Amino acid sequence: MKVFVTGASGHVGSALVPELLGAGHEVVGLARSDMSAARLEAWGAQVRRGDLDDLDGLRKAAAEADAVVHLAFKHEEMFAGDYAGAAGADLAVVKAFLDELSGTGKALIGTSGTLSYADLGRTATEEDRVTDTDSRGAARNAIVDAADVRGSVVVLPPTVHSPLDTAGFIPILVRTAREKGVSGYPGDGTNRWSAAHTLDAARLYRLAVEAAPTGAVLHAVAEEAVPMRTIAEAIGRKLGLPVESIPAERAQEHFGPLAFMVTRDAPTSSARTRTLLGWEPQEPGLLADLETGFYFER
């Protein structure tokens with residue numbers, strides 16, 4: 001298939017593009033810069049210059065493809081505090097893709113996050129409906145509810161980890177620990193994040209392109225629940241820093257743009273995803289990657 005990928009040169013995209021090409025698919029990647037374009041060309045992908053604000057260009061690229069994988073998100077705006085603006089832009093892109101692909105039977109694979117399941121009081125499953133439409137939930141629901149597009153959504157954990165991860169939540173936590181001189185965790189540190197290796201997540205996206213049924217919610221989760229205190233302890237050990245609880249009133253001061261997310265408890269299962277598509281994570285876990293040390297070399 002000819003697959004159009006947004007965010008193609010980013011963290012997950014840099015694993016997905018080679019994964020798709022290796023499986024015999026043709027890939028067209030969206031590139032905002034010369035550097036991104038050069039990376040895509042080096043992998044053997046075609047390049048389409050543009051960004052998420054070029055809705056007409058995105059529609060044209062979708063029309064020329066057999067499937068679309070939407071990875072890109074305005075992370076700069078999100079980390080600057082404008083999460084609503086970034087989510088709104090994401091929804092506009094998804095609506096443009098849905099409009100263009102309506103009635104074609106082509107695949108549209110969107111992206112969401114397991115933190116949208118926060119504080120359910122239990123482990124989330126693929127059957128859980130996201131009701132927070134002020135976040136990326138609105139875009140997710142639009143894809144899942146579209147009856148005339150083979151739409152599915154891959155739900156990523158907050159810790160998608162590997163040497164390819166240079167700007168995600170783990171690098172931010174490592175940088176924060178260095179800057180503050182302490183590896184902190186929120187409250188008693190028992191809140192949990194799910195995790196997956198970048199290469200495993202990329203394989204799930206490829207399986208979604210090839211075989212995900214209409215309306216599928218797919219959890220790219222290798223580890224259901226890693227306590228935040230355990231993550232902080234691993235970071236503190238590798239940096240030689242003390243590990244301390246950060247009370248709620250100091251969370252914003254300590255964690256900065258991550259304060260809203262670092263306190264969330266979102267254990268998440270992928271049992272249904274594994275059965276549906278035969279996806280089985282094969283790569284190292286989060287703590288193993290932290291012990292390897294590449295997160296601390298930058």
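Before any of the text, the structure's been laid out above.
Here is a short report on the structure shown in this document. Predicted, not measured: the structure shown is a model, and the values here were computed from it.

**A word on the packing of aromatic side chains**
The description of an aromatic ring pair rests on the distance of the ring centres and on the angle between the ring planes. Per the stated rule, a full pass over the model turns up 3 aromatic pairs. Judged by centre distance (5.7 Å) and plane angle (45°), the rings of Phe-169 and Trp-193 are tilted. Taken as a pair, Phe-169 in helix α7 (residues 169–180) and Trp-193 in strand β9 (residues 192–197) lie far apart in primary sequence, 24 residues in all. Residue classification places Phe-169 among the buried positions, given a relative accessible area of 12%. On the basis of relative accessible area, Trp-193 is assigned to the buried category, the value being 0%.

**Details of the sheet that holds β9**
Pairing in this open sheet of 3 strands is mixed, and the strands run β7-β9-β11 from one edge to the other. Both outer strands of the open sheet, β7 (159–161) and β11 (223–227), are each paired with one neighbouring strand and no more. Recorded for the sheet is a direction-independent mean angle of 40° between the axes of neighbouring strands. Across 3 bridges, β9 lies against β11 in antiparallel orientation. Among the inter-strand pairings, Trp-193 is bridged to a residue of β11, identified as Val-226. The sheet contacts of helix α8 (residues 198–211) involve β7 and β9, and relative to β9 the element is tilted by about 75°.

**Some points on the pattern of salt bridges**
In total, this model carries 16 salt bridges according to the counting rule given. The partner of Glu-233 in a salt bridge is Arg-229, with the nearest N and O atoms 3.2 Å apart. Highlighted residues: Glu-233 and Arg-229, both in helix α9 (residues 228–239), separated by 4 residues, approximately one helical turn. Glu-233 sits in the partly exposed class, given a relative accessible area of 32%. In the salt-bridge network here, residues are joined through shared partners; they are Glu-19, Arg-206 and Glu-210.

**Focus on the side chain of Thr-198**
Note that Thr-198 resides in helix α8. Reaching out from Thr-198, the side chain makes a polar contact with the side chain of His-11 at a distance of 2.7 Å.

**A closer look at the pairing of strand β4 (residues 67–70)**
Here β4 shows no split at all, with Ala-67 and Val-69 on one side and Val-68 and His-70 on the other all buried. As defined by bridge partners, strand β1 (residues 2–6) adjoins β4 across 4 bridges and the pair is classed as parallel. When the bridges of β4 are listed, Val-3 appears paired with Ala-67. Taken together, the 3 bridges between β4 and strand β5 (residues 107–113) define a ladder with parallel strand orientation.

**Re the nonpolar core**
Formed by 34 residues in total, the largest nonpolar core has its most connected members in Val-5, Val-69, Val-154 and Tyr-205. Leu-115, Ile-235, Phe-255 and Ala-259 belong to the second-largest nonpolar core, a separate cluster that totals 30 residues.

**Side note on α7**
In this model, α7 (12 residues) spans 16 Å end to end at C-alpha, consistent with the 16 Å of a helix rising 1.5 Å per residue. Looking at α7, one finds that the buried residues are Phe-169, Ile-170, Pro-171, Ile-172, Leu-173, Val-174, Thr-176 and Ala-177. Trailing α7 by a residue or two, Gly-181 shows a phi angle of about 75°, which is positive.

**A closer look at the packing of α7 against α9**
Remark: α7 packs on α9, axes separated minimally by 10 Å, with the N-to-C direction vectors making an angle of 55°. What the angle tells us is that α7 and α9 run oblique. Here α7 and α9 pass one another in a crossing that is right-handed. On the side of α7, the interface is formed by Ile-170, Leu-173, Val-174, Ala-177 and Arg-178, while α9 contributes Met-228, Ile-231, Ile-235 and Leu-239. Of the residues belonging to the contact of α7 with α9, the class tally is 8 nonpolar, no polar and 1 charged.

Reading the values: rules and limits
All residue numbers here refer to positions counted from 1 along the written sequence of the relevant chain. Per-residue local features of the predicted model are confined to residues with pLDDT of at least 70, and side-chain atom pairs are confined, for both listing and counting, to 80 or more; whole-chain, interface and lining totals are unaffected and use all residues. Note that water and hydrogens are dropped before the side-chain values are worked out from all heavy atoms of the structure. The aromatic pairing rule takes the rings of Phe, Tyr and Trp, using the six-membered ring of Trp, and pairs them if the centres are within 6.5 Å, calling planes under 30 degrees apart stacked, those over 60 edge-to-face and the rest tilted. Going along the chain from the N terminus, every DSSP run of H or I of four or more residues is numbered as a helix, and every run of E of two or more is numbered as a strand. For the exposure calls, accessible area comes from a 1.4 Å probe over protein chains only, and a residue counts as buried if that area is under 20% of its type's maximum, exposed if over 50%, partly exposed in between. Only strands joined by at least two bridges in the DSSP assignment are considered to pair. Note on definitions: angles span 0 to 180 degrees between N-to-C directions of axes, and those axes are lines fitted to C-alpha atoms, for helices only across the stretch in contact. It only takes one pair of heavy atoms within 4.5 Å for two residues to be counted as in contact. Salt bridges are identified by distance alone: a Lys or Arg side-chain nitrogen within 4 Å of an Asp or Glu carboxyl oxygen. Polar contact is defined as a pair of N or O atoms within 3.5 Å, subject to the rule that within protein one atom must be able to donate a hydrogen and the other to accept it, and that residues adjacent in sequence are counted only when both atoms are side-chain atoms. Take the buried Ala, Val, Leu, Ile, Met, Phe, Trp, Tyr and Cys residues and link them wherever side-chain atoms come within 4.5 Å; each set so joined is a nonpolar core. Helix span, as expected, comes to 1.5 Å for every residue beyond the first. Here is the rule for angles: anything less than 35 degrees is roughly parallel, anything more than 145 is roughly antiparallel, 65 through 115 is roughly perpendicular, and the remaining ranges are oblique. Left-handed is the label given to a crossing in which the near helix is rotated counterclockwise from the far helix by less than a right angle, and right-handed is the label when the rotation is clockwise. Amino acids are sorted into nonpolar (Ala, Val, Leu, Ile, Met, Phe, Trp, Tyr, Cys and Pro), charged (Asp, Glu, Lys and Arg) and polar (every other residue, Gly among them).

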